[in-house]
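Chain by chain, the residues:
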Amino acid sequence: REILRKHGLVTVCEEAHCPNIPECWSGGTATFMVLGDTCTRGCRFCNVAKARNPLPLNPWEPKMLAMAVKELKLDYIVITSVDRDDLSDQGSGHFAECIRAIKEQDSNVLVEVLIPDFRGDADCLKKVVDAKPEVIAHNVETVRRLQDKVRDRRAGYEQSLRVLTNIKKMDRKIFTKSSIIVGFGETDDEVIETMQDLKDIGVDFLTIGQYLRPSSKHIEV
């Protein structure tokens, strides 16, 4: 925490009130969150702060992030972000700058990014792809039937599949990854269908998490 505060950085671990912080942080694992700590979307499972017009980006964040990676002696870093629909490029250029800053400091550090959908804009996506992270992740979050119930209406199952498909079209060497959360009322068959959909478009990695309700205001388990 002291290192994060010194460099003015935030983690999704804290912002989302993740209950696994003691386990992960004691093992030296944290997921950095860039583009600020306030999201422009309102997914019904997420506890990150929300606003229509968040604060401007911190232009020093990429450099500060690279310095923190060096100080923590990380050899693998995961970077995620809030959605920034208020920005002309959805924050994709800032994402790319963060990747390049880390790589310029130490080309041996492996970088995984968990990106928003950038509203399906291929030009925004290409900025991240061209920065050459080893892994680009984008989460479909839940099964097709529950998308509108769980996610912000600006997101969508097909749009997320297109993002993952386009990453492979732009650079087949980059590993792709997605994730679903279980506990929203999905059936076994729907989970298997989602797995098959992701496999069909060449997604390399799939993770499955258990939904834990952040507060009484959020969707029930």
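Everything quoted here is computed from the prediction, not taken from an experiment.

Caption draft 1: Representation of the side chain of Arg41 within the structure. With respect to the helices, strands and loops of the structure, Arg41 is situated in the loop between strand E3 (38–39) and strand E4 (49–50). One polar contact links Arg41 to Asp117, side chain to side chain, over a distance of 2.9 Å. In contact with Arg41, other than residues within four places in its own chain, are Lys50, Asp83, Asp85, Asp117, Arg119, Asp152, Arg154 and Ala155.

Caption draft 2: Main features of the packing of aromatic side chains. The tally for this structure, following the rule as stated, stands at three aromatic pairs. Between Phe45 and Phe184, the ring centres sit 6.0 Å apart and the planes meet at 50°, which makes this aromatic pair tilted. One end of the pair, Phe45, is in the loop between E3 and E4; the other, Phe184, is in the loop between strand E8 (175–182) and helix H9 (188–200), and 139 residues separate them in sequence. For the pair shown, Phe45 and Phe184 are each scored as buried. Measuring from ring centre to ring centre gives 5.6 Å for Phe175 and Phe205, while their planes differ by 35°; the resulting arrangement is tilted. Of this pair, Phe175 sits in strand E8 while Phe205 is found in strand E9 (residues 205–210), placing the two residues 30 residues apart along the sequence. Connected via pairs of aromatic rings, a cluster forms that spans Phe45, Phe184 and Tyr211.

Caption draft 3: Representation of helix H5 (residues 92–105) in the model. If you check H5, its first and last C-alpha atoms are 20 Å apart, about what 14 residues at 1.5 Å a residue would give, namely 20 Å. Burial analysis of H5 places ten of its 14 residues in the buried class, the great majority of the element. Regarding H5, the residues found buried are Ser92, Gly93, His94, Phe95, Ala96, Cys98, Ile99, Ala101, Ile102 and Lys103. At its buried positions, H5 is contacted by strand E2 (31–34), helix H4 (61–72), strand E5 (76–81), strand E6 (110–114) and helix H6 (122–130).

Caption draft 4: View of unusual backbone geometry. Notably, Leu35 is not glycine yet its phi reads approximately 70°, a positive angle. Following the sequence through the fold, Leu35 ends up in the loop between E2 and E3. We classify Leu35 as buried; its relative accessible area is 0%. Positive phi is not limited to glycine here, since Phe118 has a value of about 50°. Secondary-structure assignment places Phe118 in the loop between E6 and H6. Residue Phe118 is classed as buried on the basis of its relative accessible area of 2%.

Caption draft 5: Broad picture of the packing of H6 against helix H8 (residues 157–170). Running from amino to carboxyl end, H6 crosses H8 at an angle of 55°, the nearest separation of the two axes being 10 Å. Taken together, the axis directions place H6 and H8 in an arrangement best described as oblique. In the crossing of H6 with H8, the sense of the turn from one axis to the other is right-handed. Residues Ala122, Leu125, Lys126 and Val129 of H6 touch H8, and the partners they reach there are Val163, Asn166, Ile167 and Met170. Grouping the amino acids of the contact of H6 with H8 by side-chain chemistry returns six nonpolar, one polar and one charged.

Caption draft 6: The nonpolar core, seen in detail. Residues Leu65, Ile77, Ile79, Phe95, Ile102, Val113 and Ile115 are the most contacted members of the largest nonpolar core, which totals 53 residues. Per element, the largest residue contribution to this core is six residues, and it comes from H5. Not counting chain neighbours up to four residues away, the residues in contact with Ile115 comprise Phe95, Leu125, Val128, Ile136, Ala137, His138 and Val163.

Caption draft 7: Broad picture of a nonpolar patch on the surface. A contiguous nonpolar patch, built from Ile192, Met195, Leu206 and Ile208 and spanning about 330 Å² of accessible area, is present on the exposed surface. Secondary-structure elements contributing two or more residues to the nonpolar patch are H9 and E9. With respect to the helices, strands and loops of the structure, Ile192 is situated in helix H9.

Caption draft 8: Quick peek at the pairing of E5. Counted residue by residue, E5 has five buried out of six residues, so it is predominantly covered. Pairing of E2 with E5, which is carried by four bridges, proceeds in the parallel orientation. Residue pairing across strands places Val34 opposite Ser81, the latter belonging to E5. Taking the sense of rotation as the criterion, the β-α-β connection linking E5, H5 and E6 turns out right-handed.

What counts, and where the lines are drawn
- Residues numbered from 1 in each chain as written.
- Predicted model: local features only at pLDDT ≥ 70, side-chain atom pairs only at ≥ 80, totals over all residues.
- Heavy atoms only, no water.
- Helix = DSSP H or I, 4+ residues; strand = E, 2+ residues; numbered from the N terminus.
- Polar contact = N/O pair within 3.5 Å; in protein donor to acceptor, adjacent residues only side chain to side chain.
- Contact = heavy atoms within 4.5 Å.
- Phe/Tyr/Trp six-rings, centres within 6.5 Å; stacked < 30°, edge-to-face > 60°.
- Buried < 20%, exposed > 50% of the residue type's maximum accessible area, 1.4 Å probe, protein only.
- Expected span 1.5 Å × (residues − 1).
- Axes fitted to C-alpha atoms, helices over the stretch in contact; angles between N-to-C directions.
- Parallel < 35°, antiparallel > 145°, perpendicular 65-115°, else oblique.
- Left-handed = near helix turned anticlockwise from the far one by under 90°.
- Nonpolar A, V, L, I, M, F, W, Y, C, P; charged D, E, K, R; others polar.
- Core = buried A, V, L, I, M, F, W, Y, C linked by side-chain atoms within 4.5 Å.
- Patch = residues over 30% accessible without salt bridge, like charges linked within 9 Å, V, L, I, M, F, W, Y side chains within 5 Å.
- Areas by Shrake-Rupley, 256 points an atom, 1.4 Å probe, with all protein chains shown as cover.
- Salt bridge = Lys/Arg side-chain N within 4 Å of Asp/Glu carboxyl O.
- Pairing = 2+ DSSP bridges.
- Right-handed = clockwise from strand over helix to strand, strands pointing away.

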